[in-house]
Amino acid sequence: MRSAVVVFPGSNCDRDVEKSLLYMETGPVDMVWHDEADFRHAPDLVVLPGGFSYGDYLRSGALASKSRIMGAVRAHAASGGLVLGICNGFQILTEAGMLPGALLPNASLRFICRQAYLRVEQNDTPFTCSFKDGEIVQFPIAHHEGLYYLPEEELSQLEQSGRVVFRYADRSSGEAGEAYSPNGSLHGIAGIVNERGNVLGLMPHPERATLQGLIWGTDGRGLWRSLEEHFGAWEGK
Amino acid sequence: MNTFRADITILPKDGVLDIQGKAVEKTLAAHGYAAVREVRVGKFIRVAVDAADEADAALKVTTVAEDLLVNDLVESYAYALEKKP
């Protein structure tokens, strides 16, 4: 699997994603500046990392969604390629119209940085196929605009079509939903896919739960492992 | 070509939770200003627009508003145009 990590001015999780992918030995990782017109090597996976692109000016992700590279990201997704947006990357994908909804300021109006528990709601996606259905995983969150919002009718369509992939949950009971949203997300939504299932956006950070010795555990590995399984092990590995 | 000044006001749409507005409203009420209600906190953007006439300026403002300045899923906007001397 060849990965491309897009670097926007203000991205701060780009290196973490690169390190995670290299640690998991998923294959070559290209760091791609946002002002490039295209990818130098055709990627299998494009990652829009977390951070504060353009200082979160105007709206989180709004300015980055107009970056030059986004044309190539759209083309990649349109041809069925995988796109993963983490945190600010998720915000960029909604602003780009590649995923529905918007990420509003947290209900507490505070920046939240802590561990979060998520229930895997769909394990039939390329991003989650190595997780058990309904498995509870621990990924950290760190955001100020993470309240997932979508008008009611579209929200019920999103739910009915099974496109909610991660939902905030209670670790011990395994229950998931709005009551467990640290940020007020509707229906406890932490991550969703597009209709085709090849674009995933999530607020929590799997790359901060990948390397050994970090305080957040290693559940994030499941996501990279899923992608590897989806593509089959990289030939050059 | 003329130059216009456009003042664009952006507010959270009715029905979209405006947490900042709520927090401000609560604080106002707690300070004895309960008669000042329905607080909505938004953005104000001022731009200069080069355009042939007012209709052209209006078209240019609505185009950039809908393309970038406003997220129409959660925000509504209004604008006022004034021809610059």
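Data block above holds the structure.
Q: Explain the overall build of chain B here, please?
A: The secondary structure content of chain B amounts to 2 helices and 3 strands. For chain B, the sequential pattern of α-helices and β-strands runs β-α-β-α-β. Overall, the C-alpha framework of chain B stretches about 50 × 30 × 15 Å when taken along its three principal axes. For chain B, the share of sequence-separated contacts (at least 6 apart) that also reach a separation of at least 24 residues comes to 75%. Carbon and sulfur atoms provide 55% of the accessible area of chain B, an area that totals close to 5500 Å². Taken as two groups, the 11 positive and 14 negative side-chain charges of chain B have centres that lie 6 Å from each other.

Q: What am I meant to see in helix α1 (residues 14–23) of chain A here?
A: Side chains three or four residues apart in an α-helix point the same way, a direct result of the helix having 3.6 residues per turn. Residue and element names in this part refer to chain A. Within the sequence span of α1, burial applies to Asp14, Val17, Glu18, Ser20 and Leu21. Buried positions in α1, seen along its axis, are confined to an arc of 165° and lie on one side of it. Where α1 is buried, its residues touch β1 (3–7), β2 (29–33), β3 (45–48), β4 (82–86) and α5 (221–231).

Q: Would you explain the sheet that holds strand β7 (residues 136–143) of chain A in this entry?
A: Adjacent strands of a sheet pair through backbone hydrogen bonds, lying either parallel or antiparallel. Residue and element names in this part refer to chain A. Strand order in the open sheet formed by 9 strands is β2-β1-β3-β4-β11-β10-β9-β6-β7, and the pairing between neighbours is mixed. Each of the sheet's edge strands pairs with one partner strand only, and the pair in question is β2 and β7. When strand polarity is set aside, the average angle formed by the axes of neighbouring strands in this sheet is 25°. Strand contacts of helix α3 (residues 88–95): β3, β4, β10 (189–193) and β11 (199–202), with the helix running at about 120° to β4, the strand carrying the most contacts. On top of the sheet, helix α4 (residues 152–160) reaches β9 (164–168) and β10; it is set at about 70° to β10, its chief contact.

Q: Help me understand the interface of chain B and chain A in this model?
A: One widely used convention gives an interface's size as the accessible area the parts lose upon coming together. Listed per partner, the contact involves 15 residues of chain B and 17 residues of chain A. Summing the contributions of chain B and of chain A, the shared interface buries around 1200 Å²; its carbon and sulfur component is 71%. When the buried surface of chain B facing chain A is broken down by residue, Ile19, Leu68 and Leu73 of chain B rank first, second and third, together holding 44% of it. Run the count over chain B and chain A and you get 2 salt bridges. Here aspartate 67 of chain B ties to lysine 66 of chain A by a salt bridge, and the two come within 3.0 Å at their closest N and O atoms. Linking chain B to chain A there are 5 residue pairs in polar contact (both at pLDDT 80 or more). Contributions of two or more residues to the side of chain B that touches chain A are made by α1 (19–30), β2 (43–51) and α2 (54–69) of chain B. Considering only residue class, the side of chain B that touches chain A consists of 10 nonpolar, 2 polar and 3 charged.

Q: Teacher, can you tell me more about unusual backbone geometry here?
A: For residues besides glycine, phi is generally negative; the peptide bonds are generally trans as well. Residues and elements named next belong to chain A. Its identity is not glycine, yet glutamate 25 carries a phi of approximately 55°, on the positive side. Secondary-structure assignment places glutamate 25 in the loop between α1 and β2. By relative accessible area, which is 48% here, glutamate 25 ends up partly exposed. Although it is not a glycine, aspartate 56 sits at a positive phi angle of roughly 60°. Along the chain, aspartate 56 falls in the loop between β3 and α2 (69–78).

Q: In this structure, what is going on with the sheet that holds strand β1 (residues 2–12) of chain B? I would like to understand it.
A: All names here are of chain B. Here we have 3 strands laid out as an open sheet, ordered β2-β1-β3, and antiparallel in their pairing. Only two strands of the sheet have a single neighbouring strand rather than two, namely β2 and β3 (75–83). The mean inter-strand angle of the sheet, taken between neighbouring strand axes irrespective of direction, is 25°. Where β1 lies against β2, 9 bridges are found, and the strand directions are antiparallel. Note on β2: the bridge partner recorded for alanine 6 is valine 47. Here α2 sits on the sheet and contacts β1, β2 and β3; the angle it forms with β3, its principal contact strand, is near 150°.

What counts and how
Residues numbered from 1 in each chain as written. Chains lettered and ligands numbered in written order. Predicted model: local features only at pLDDT ≥ 70, side-chain atom pairs only at ≥ 80, totals over all residues. Heavy atoms only, no water. Helix = DSSP H or I, 4+ residues; strand = E, 2+ residues; numbered from the N terminus. Contact = heavy atoms within 4.5 Å. Areas by Shrake-Rupley, 256 points an atom, 1.4 Å probe, with all protein chains shown as cover. Lys, Arg positive; Asp, Glu negative; His and termini not counted. Charge placed at Lys NZ, Arg CZ, Asp CG, Glu CD. Buried < 20%, exposed > 50% of the residue type's maximum accessible area, 1.4 Å probe, protein only. Arc of directions from axis to C-beta. Pairing = 2+ DSSP bridges. Axes fitted to C-alpha atoms, helices over the stretch in contact; angles between N-to-C directions. Buried area = accessible area lost by both parts, 1.4 Å probe. Salt bridge = Lys/Arg side-chain N within 4 Å of Asp/Glu carboxyl O. Polar contact = N/O pair within 3.5 Å; in protein donor to acceptor, adjacent residues only side chain to side chain. Nonpolar A, V, L, I, M, F, W, Y, C, P; charged D, E, K, R; others polar.

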